Amino acid sequence: MRALFRSSDQPMRVSGAWVLLACLLVGWAYVRTAAVTEDAFITFRVIDNALHGHGLVWNVGERVQPYTHPLWALLLLAVSAVTGEIFHTSLGLSLALTLATVALVVRHAKGRLIALWALLALLFSEAFIEYSSAALENALAHALVAAMVVAWRRFPPTDRHVWITALCGGLLVITRHDFAVLVAPAMLSLFLRASGRARWAVLLAGAGPLVAWSAFSLVYYGSPWPNSAYAKLNNGLSMAESFAAAAPYFRDLVKYDAVTALVIVVAALRGLLHGSWQMRPLALGLALYMLYLGSAGGDYMGGRLFSAPFVLAVAMLAMNVRLRWWWTAPLWFALTIGLGLHRGWMVWNVHPHAETRKLSQHAWMYPATGWLSPQRTADFHDMPWGKQGLTARSEQHAVVAKCAVGLYGFNAGPGVYIVDPLAIADGFLSRLPSKKPAYPGHYERALPEGYVETIVSGKNSLRDPALAELYDQMRLLQRAPLLAPVRWQAIWAMNTGGDRRLAVQAHYDPNKTWTPGLPDSSAASAQPLSCMGQLDPLLTVRLK
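Not measured: the values here are computed from a predicted model.

Draft legend 1. Main features of helix α14 (residues 279–295). The terminal C-alpha atoms of α14, which comprises 17 residues, lie 25 Å apart, in line with the 24 Å expected from a rise of 1.5 Å per residue. All buried positions along α14 are accounted for by M279, P281, L282, A283, G285, L286, Y289, M290, Y292, L293 and G294. If you follow the buried residues of α14, they end up packed against α7 (138–154), α9 (179–193), α12 (239–256), α13 (258–274) and α15 (307–318). Two residues or fewer after α14 comes G297, characterised by a positive phi angle close to 90°.

This is the structure we're talking about:
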């Protein structure tokens, strides 16, 4: 892999001093703005459970994969096992990956001017700055994308190192499965253009990581896909409804992060209309990924799903475009700086949109989880969910129901079983349709009759026969011995349409949300962002 950082046969255009300066500037911006998001604590809880011998699980004794980023989770687990802690480890690891991204892009840029522009674009992209330090998969994805583009440019299909390109793409897919759309055109093009042993090396390196992880996931979790995929994609929305739900996500990017939006569009158009054969597959991946985001209904974390395609776009432009100081350079610099400062630069003002940007996780998480935030405490008790989790741990709550489960679950510890109505961490609920209207990324499920009693008692008390059978099948996936024949029968049934068949047969109203122990609140249930029929984001129900 060191070949990625060595110069090509052509004279080096960007010196090591420039690379060092770029890394120092981005490193300064990173440390100044670094903050962990709420969703990252979902992975933290899984890693904490693994470090304490409970396995890669959300609730102890129940094999469910709530995280969307297998490779990032495994990498963070390995490093945390050495350091003995998770929070600072995640930020330090993300910083190292971010600096690697910058070094790859700047060192292999096609001249100093375009390298300088790439640095400015990275610094003024809120998606890149915010999510590089979010302790999610983004920093790892950025480094793999940059490495893939460098390898794509350096190693033609006939080169003996061409497998490096395919490996970067393959690892990117298990960093987050959605990225398969982003890299599929490039990987297919690489495979078709390679020949002989090189073609088989490309196939093995590109498909190997996904095959290996899927096999592990099938054996351990009973499904090759993350449970979060079922929770978010099994939302019952039509294609038209999904694109309508995604529209605010794209508008948010254009309004608050115009640099990211413009760079992605320019790279895609230039690659498709004026690019070489090398540029076109990458540009096609950008275009297809944008369509995929629309079809998936967008997300609730502004910029998160745009940061990896943005890095791909910056790398494509930096390694293929030569700026002229008397014309194109001033134009590109002016646009980047002007759009970057239009609504405030988050590196200077750490959360400039705190009052207006509803999709900004950074705006409201930084005070509690910011690396340099003076308000952050070691146990995050200043964050309401963090305090609730500490209370659950100290009072030894056995079973609770809560929608915002990340920081709460991490602080509550392995002794608290958490029911998640958004189904990210619930294998049974994720197989059921979600209520409508829904908030993008938050697809609430109504708790079926008898489900609370089932969780509390451990005995299947579900009233509907189809749901009772679905619960029994999912319980086998999650709790039976890994190699038990009856478990593998359930795995086959649930992965060949049995879960959908039972969900369709069930008499289940996803809009009939309710709060255990409280009167029905159907009026609040009609709101997109409700939780167990309530509009209280801090709602936590102790069930046992």
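On we go from here.
Draft legend 2. Quick look at α15. Taking 1.5 Å of rise per residue, the twelve residues of α15 would be expected to cover 16 Å, and the 16 Å separating its terminal C-alpha atoms lies within 8% of that figure. Counting buried positions along α15 gives twelve out of twelve residues, so the element sits mostly inside the fold.

Draft legend 3. Structural context of the nonpolar core. Membership of the largest hydrophobic core comes to 180 residues, with the highest contact counts inside it found for F44 and W117. For this core, the element with the highest residue contribution is α7, accounting for 13 residues. Apart from residues lying up to four places away in sequence, W117 is in contact with V263, V314, L317, L323, W332, F333 and T336.

Draft legend 4. Structural view of the environment of S276. Along the chain, S276 turns up in the loop between α13 and α14. Among the residues examined, S276 registers a relative accessible area of 33% and is labelled partly exposed. With 224 residues separating them along the chain, S276 and R500 place their C-alpha atoms 44 Å apart.

Draft legend 5. Structural context of a nonpolar patch on the surface. Together, M239, F243, V265, L269, L272, L273, L284, L288 and L291 give the surface a local cluster of nonpolar side chains, amounting to about 820 Å² of exposed area. Broken down by secondary-structure element, the contributors of at least two residues to the nonpolar patch are α12, α13 and α14. Ranked by residue count, the leading element in the nonpolar patch is α13, at four residues.

Draft legend 6. Here's a closer look at the environment of I47. Here I47 is to be found in helix α2 (residues 40–51). Distance from I47 to D499, taken between C-alpha atoms, is 28 Å for residues 452 residues apart in sequence.

Draft legend 7. The pairing of strand β1 (residues 399–402), seen in detail. Residues V399 and A401 of β1 are buried on one face, and the alternating residues V400 and K402, pointing to the opposite face, are buried as well. Bridge count between β1 and strand β2 (residues 417–419): three bridges; the pairing is parallel. Across the sheet, the residue bridging to A401 is V419, located in β2. Tracing the backbone out of β1, into helix α19 (residues 406–412) and back to the parallel element β2 gives a crossover that is right-handed. As defined by bridge partners, β1 adjoins strand β3 (residues 540–542) across three bridges and the pair is classed as antiparallel. Note on β3: the bridge partner recorded for A401 is V541.

Draft legend 8. Molecular detail of the packing of helix α8 (residues 162–175) against helix α10 (residues 197–221). Here α8 crosses α10 at 20°, and the two axes come no closer than 8 Å. Judged by the angle between their axes, α8 and α10 are roughly parallel. For the pair α8 and α10, the crossing hand works out as right-handed. For the pair formed by α8 and α10, the contact residues are V162, W163, A166, L167, G170, L171, V173 and I174 on the first element and A198, A201, V202, A205, G206, P209, L210 and W213 on the second. Residues of the contact of α8 with α10, tallied by class, amount to 14 nonpolar, two polar and no charged.

Draft legend 9. Representation of the packing of aromatic side chains within the structure. On inspection of all chains with the given rule, the structure shows 20 aromatic pairs. An angle of 45° between the planes, with centres 5.1 Å apart, marks the rings of W213 and F216 as tilted. Pair noted here: W213 and F216 are both in helix α10, with a separation of three residues, about one helical turn. With a relative accessible area of 35%, F216 lands in the partly exposed category. Note that R199 overlies the ring of F191, its terminal NZ or CZ placed 5.0 Å from the centroid. Looking at R431, its charged tip hangs above the ring of Y230, at a distance of 3.8 Å from the centre.

Draft legend 10. Structural detail: the sheet that holds β3. One open sheet holds the three strands; their spatial order is β2-β1-β3, and the pairing between them is mixed. Edge strands, defined here as strands with exactly one partner in the open sheet, are β2 and β3. The mean angle between the axes of side-by-side strands here comes to 25°, regardless of whether they run parallel or antiparallel.

Draft legend 11. Quick peek at unusual backbone geometry. A positive phi is found at A135, a non-glycine position, where the angle reads about 70°. In this structure, A135 sits in the loop between α6 (126–132) and α7. The buried category is assigned to A135, whose relative accessible area is 0%. In this model, Q396 sits at a positive phi of 55°, which is unusual for a non-glycine residue.

Draft legend 12. Fine view of the packing of helix α21 (residues 465–479) against helix α23 (residues 498–505). Between α21 and α23, whose axes approach to 8 Å, the crossing angle comes to 155°. Looking at the two axes, α21 sits roughly antiparallel to α23. As α21 runs across α23, the sense of the crossing is left-handed. In contact with A466, E469 and L470 of α21, α23 contributes D499, R501, L502 and Q505. Looking at the contact of α21 with α23, its residues break down into three nonpolar, one polar and three charged.

Quick notes on the rules
Residues numbered from 1 in each chain as written. Predicted model: local features only at pLDDT ≥ 70, side-chain atom pairs only at ≥ 80, totals over all residues. Heavy atoms only, no water. Helix = DSSP H or I, 4+ residues; strand = E, 2+ residues; numbered from the N terminus. Expected span 1.5 Å × (residues − 1). Buried < 20%, exposed > 50% of the residue type's maximum accessible area, 1.4 Å probe, protein only. Contact = heavy atoms within 4.5 Å. Core = buried A, V, L, I, M, F, W, Y, C linked by side-chain atoms within 4.5 Å. Patch = residues over 30% accessible without salt bridge, like charges linked within 9 Å, V, L, I, M, F, W, Y side chains within 5 Å. Areas by Shrake-Rupley, 256 points an atom, 1.4 Å probe, with all protein chains shown as cover. Salt bridge = Lys/Arg side-chain N within 4 Å of Asp/Glu carboxyl O. Pairing = 2+ DSSP bridges. Right-handed = clockwise from strand over helix to strand, strands pointing away. Axes fitted to C-alpha atoms, helices over the stretch in contact; angles between N-to-C directions. Parallel < 35°, antiparallel > 145°, perpendicular 65-115°, else oblique. Left-handed = near helix turned anticlockwise from the far one by under 90°. Nonpolar A, V, L, I, M, F, W, Y, C, P; charged D, E, K, R; others polar. Phe/Tyr/Trp six-rings, centres within 6.5 Å; stacked < 30°, edge-to-face > 60°. Lys NZ or Arg CZ within 6 Å of the ring centre and 35° of its normal.

Keep in mind these numbers describe shape, not what the thing actually does.
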